[in-house]
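# Working through the structure, step by step
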Amino acid sequence: MLGRASKTFFHLVAQSGTLRKLASRYGMRKPSSFARRFIAGETIAEAIEAARAVEARDMLITLDLLGESVTNLNEADAATRGYLAVIDAIVRSGIERNVSVKLTQLGLDVDKASTIDNIRKILERAGPVGFFVRIDMEHSSYTDVTLEIFETLWRHGYRQIGIVLQSALYRSEEDLRRINELGARVRLVKGAYQESKTVAHQKKADVDAAYSRMLKTLLTDGHYPAIATHDPVMIDIARSWAREHHVAADRFEFQMLYGVRRDLQAMLVAAGYRVRVYIPFGEQWFPYFMRRLGERPANVMFVIRSILGERR
Ligand SMILES: Cc1cc2nc3c(=O)[nH]c(=O)nc-3n(C[C@H](O)[C@H](O)[C@H](O)COP(=O)(O)OP(=O)(O)OC[C@H]3O[C@@H](n4cnc5c(N)ncnc54)[C@H](O)[C@@H]3O)c2cc1C
């Protein structure tokens with residue numbers, strides 16, 4: 001249960017304004033600052049530089065302009081304009097055209113219709129120039145509305161989009177059946193948010209068992225699925241299942257987060273698999289960063305060592 005306790009703790013800490021200010025002061029100011037292990041930088045230029053380095057290691061990329069839970073439509077508009085600028089910059093740079101986006105960043109807490117307008121603006125700019133846009137999945141209180149918006153966009157003919165399902169949620173296997181029938185691409189994750197036992201498995205073994213079942217369904221019945229995990233056990237299950245069921249290595253991809261298990265990323269590429277690295281960047285990096293700490297308390301020591309090193 002340490003995992004659950006630490007997720008709760010870091011979720012609470014993520015809401016602290018004081019810590020956010022402190023982290024902003026130290027976390028990103030030098031190339032060696034602690035947050036840079038997981039976040040490519042605060043600007044699009046830094047993100048593109050990081051993406052080029054990842055591509056040079058024969059990996060694929062997706063860029064995430066950090067931000068979530070905006071509380072008014074001005075912020076949602078600003079985030080939308082931010083994404084449009086990112087799309088233009090990616091096109092100019094020549095890196096792969098692939099972004100990930102969160103609907104609460106586009107106003108989901110404020111107004112659903114405006115959120116749909118905002119995501120459509122992004123898709124209208126991105127689609128004609130060949131982007132793939134992944135809609136990230138957030139806390140379970142947004143699952144219904146996120147899937148509803150995704151499925152509506154799909155039915156309106158937006159096909160260069162994909163969704164994320166979290167094996168932690170009881171409902172996800174049913175959602176997976178529906179999304180597979182739709183023909184859309186799924187990124188499978190365990191789930192990064194603190195969830196209650198009314199909606200989600202609480203034991204790691206149950207989350208993993210669901211992940212294993214869902215990855216097999218995806219490899220057999222899915223549409224170019226993304227197996228997004230750093231868990232070597234899940235990765236081995238995926239590789240064995242694909243081999244035994246003759247699923248070629250170009251019919252799916254592994255995905256991992258920037259700065260996490262770079263050894264495993266390289267090993268999979270060397271073994272002939274596709275690996276996509278999720279590259280987050282932007283000024284609003286604190287909640288994302290805290291989720292990464294919550295997943296692995298050992299990361300906290302890394303942060304503390306970096307801060308002490310910086311202040312010397
Ligand atoms: C590409 C990608 C996109 C994602 N998108 C979403 C999303 O849209 N919605 C969502 O809820 N979640 C998302 N996640 C996060 C995901 O839900 C998990 O919280 C996260 O991936 C950790 O789970 P795990 O599968 O790696 O397995 P775990 O069982 O948590 O970890 C397995 C092993 O991986 C390594 N590891 C895991 N996390 C870290 C870390 N932070 N630092 C260092 N090592 C670590 C450790 O060695 C650990 O033992 C995404 C993850 C990835 C890789």
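Let me sum up the structure you'll find in this document. These numbers were taken from a predicted model, which means no experiment stands behind them.

Further remarks concern the overall build of the chain. The secondary structure content of the chain amounts to 12 helices and 8 strands. At 19 Å, the chain has a C-alpha radius of gyration in line with the 20 Å of a compact globule built from 312 residues. Relative to its 312 residues, the chain shows a buried fraction of 53%. The long-range share in the chain, meaning contacts at least 24 apart out of those at least 6 apart in sequence, stands at 72%. When the accessible area of the chain is evaluated, it comes to approximately 14200 Å², of which 54% is carbon and sulfur surface. If the 46 positive side-chain charges of the chain are averaged to one point and the 37 negative ones to another, these points end up 5 Å apart.

Close to the ligand lie 25 residues, the nearest being Met-137, Gly-191, Thr-229, His-230 and Glu-295. Within the backbone of Met-137, an N or O atom sits 2.7 Å from a nitrogen atom of the ligand. The separation between a nitrogen atom of the ligand and a polar side-chain atom of Arg-187 is 3.2 Å. Protein contact buries 88% of the 920 Å² of open area that the ligand shows by itself. For the shell around the ligand, the secondary-structure elements that each account for two or more residues are strand E4 (161–166), strand E5 (185–189), strand E7 (253–257) and helix H11 (286–295).

Right, let's talk about the side chain of Thr-62 for a bit. Within the secondary structure layout, Thr-62 lies in strand E1 (residues 60–65). Engagement of the side chain of Thr-62 in a polar contact is seen with the side chain of Asn-98, the distance being 2.8 Å. Sequence-distant contacts of Thr-62, defined by excluding residues within four places in its chain, comprise Asn-98, Val-99, Ser-100, Arg-187, Arg-276, Val-277, Tyr-278 and Ile-279.

Right, let's talk about helix H4 (residues 73–93) for a bit. When the terminal C-alpha atoms of H4 are compared, their 30 Å separation across 21 residues agrees well with the 30 Å that a helix rising 1.5 Å per residue should span. Among all positions of H4, only Ala-76, Ala-79, Thr-80, Tyr-83, Leu-84, Val-86, Ile-87, Ala-89, Ile-90 and Ser-93 are buried. Contact partners of the buried residues in H4: helix H3 (44–56), E1, strand E2 (98–101), helix H5 (112–126) and strand E8 (275–281). Its side-chain oxygen placed 3.0 Å from the backbone nitrogen of Asn-74, Asn-72 serves as the N-cap of H4. Trailing H4 by a residue or two, Gly-94 shows a phi angle of about 85 degrees, which is positive.

Not every positive phi belongs to a glycine, and Asp-58 is a case in point at roughly 65 degrees. When you line up the elements, Asp-58 lands in the loop between H3 and E1. For Asp-58, a relative accessible area of 61% corresponds to the exposed category. A positive phi is found at His-246, a non-glycine position, where the angle reads about 55 degrees. Relative to the helices and strands, His-246 resides in the loop between helix H9 (232–244) and E7. A residue is classified by how much of its surface remains accessible, and His-246, at 69% relative accessible area, is exposed.

To continue, consider helix H8 (residues 204–221). Here H8 spans 25 Å end to end across 18 residues, near enough to the 26 Å set by a 1.5 Å rise per residue. Buried residues in H8 make contact with E4, helix H7 (172–182), E5, strand E6 (226–228) and H9.

Another aspect to go through is the sheet that holds E7. Reading around the barrel, the 8 strands line up as E1-E2-E3-E4-E5-E6-E7-E8 and close back on themselves, with parallel pairing between neighbours. Strand-to-strand twist in this sheet, taken as the mean axis angle between neighbours without regard to direction, amounts to 25 degrees. Packed onto the sheet, H8 meets E4, E5 and E6 and runs at close to 160 degrees relative to E5.

At a minimum axis distance of 12 Å, the contact between H9 and helix H10 (residues 262–270) shows a crossing angle of 15 degrees. On the basis of the axis angle, H9 is roughly parallel to H10. Both H9 and H10 take part in a crossing whose hand is right-handed. Here H9 contributes Pro-232, Ile-235 and Arg-239 to the contact with H10, which in turn contributes Leu-264, Met-267 and Leu-268. Partitioned by chemical class, the residues of the contact of H9 with H10 number 5 nonpolar, no polar and 1 charged.

Here the focus is the side chain of Glu-253. Structurally, Glu-253 is set in strand E7. In terms of polar contacts, Glu-253 uses its side chain to reach the side chain of Gln-255, at 2.7 Å.

Parameters at a glance
Residues numbered from 1 in each chain as written. Predicted model: local features only at pLDDT ≥ 70, side-chain atom pairs only at ≥ 80, totals over all residues. Heavy atoms only, no water. Helix = DSSP H or I, 4+ residues; strand = E, 2+ residues; numbered from the N terminus. Rg over C-alpha atoms; globule rule 2.2 N^0.38 Å. Buried < 20%, exposed > 50% of the residue type's maximum accessible area, 1.4 Å probe, protein only. Contact = heavy atoms within 4.5 Å. Areas by Shrake-Rupley, 256 points an atom, 1.4 Å probe, with all protein chains shown as cover. Lys, Arg positive; Asp, Glu negative; His and termini not counted. Charge placed at Lys NZ, Arg CZ, Asp CG, Glu CD. Near = heavy atom within 4 Å. Polar contact = N/O pair within 3.5 Å; in protein donor to acceptor, adjacent residues only side chain to side chain. Expected span 1.5 Å × (residues − 1). Pairing = 2+ DSSP bridges. Axes fitted to C-alpha atoms, helices over the stretch in contact; angles between N-to-C directions. Parallel < 35°, antiparallel > 145°, perpendicular 65-115°, else oblique. Left-handed = near helix turned anticlockwise from the far one by under 90°. Nonpolar A, V, L, I, M, F, W, Y, C, P; charged D, E, K, R; others polar.

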